[in-house]
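Coordinate analysis (summary)
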Amino acid sequence: GQMDATRDNGFNLQKSIWGTSIRNRGVNPYFKIGIPLNEENSANIALVADFNHHEFDSFFGEKTFNGTQNSAFANLIYQNEISSLHKVEFGLTFKHDDIDQIAAHPVLPDLDLSRKETSVAAFGEYTFTLDDRLTFVGGLNLEHNSVHGWLFAPRANLKWSLTENIVLRALGGRGYRTADLI
């Protein structure tokens, strides 16, 4: 932008002044703890928690975009290595997004892109490994989402190492995501 530009005169046709400014602020605390349950088979339980706060204030000439996002995530996981061939993992996941964002233009109406979304999910995963040459991972995820309702997401991965330099992979599954316009 130009030297004399401010949020109030970000675009001034009479003075031909144009400016822009972007200000980001955020904090992201994270917590992770694991507790071994059995040393013989690597059974353990873990808790992962994450919080993200982000503020975005900006103007681009006459247009402004201001947003605040607060997101929380928690994952409780149980893992168990049944044998060198078989491993299982089960858990619960909690996610919450609280997003306030407004895009404004002096001529057009304000565009409110705010949303709140919460989901709680239960998941399970099974892994079969044979001599580091063949690995199969199958998983299921059942989630209740405050915006989309019940979501079921199965997945499967297969990896077969034919030689040291040749690996075949097959992947399939389903996943869901809520898109944000900005």
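Below is a short write-up of the structure.

The rules behind each value
- Residues numbered from 1 in each chain as written.
- Predicted model: local features only at pLDDT ≥ 70, side-chain atom pairs only at ≥ 80, totals over all residues.
- Heavy atoms only, no water.
- Salt bridge = Lys/Arg side-chain N within 4 Å of Asp/Glu carboxyl O.
- Helix = DSSP H or I, 4+ residues; strand = E, 2+ residues; numbered from the N terminus.
- Buried < 20%, exposed > 50% of the residue type's maximum accessible area, 1.4 Å probe, protein only.

Our focus in this paragraph is the pattern of salt bridges. One pass over the structure, following the stated rule, counts six salt bridges. Ionic pairing is found between Arg25 and Asp57, a salt bridge with its closest N-O pair at 2.9 Å. Taken together, the residues span a long stretch of sequence, with Arg25 in strand β3 (residues 20-27) and Asp57 in strand β5 (residues 43-60) at a distance of 32 residues. The partly exposed category is assigned to Arg25, whose relative accessible area is 27%. Among the ionic pairs, Arg155 bridges to Glu125, the shortest N-O distance being 2.3 Å. Taken together, the positions of Arg155 in strand β11 (residues 149-161) and Glu125 in strand β9 (residues 115-130) put the pair 30 residues apart, joining distant regions of the chain. Three or more residues are tied together by salt bridges with common partners; here these are Arg25, Glu55 and Asp57.

Relative to the helices and strands, Gly61 is located in the loop between β5 and β6 (63-81). Relative accessible area serves as the criterion here: at 5%, Gly61 is assigned to the buried category. Residues Gly61 and Ile17, spaced 44 residues apart in sequence, show a C-alpha to C-alpha distance of 8.6 Å.

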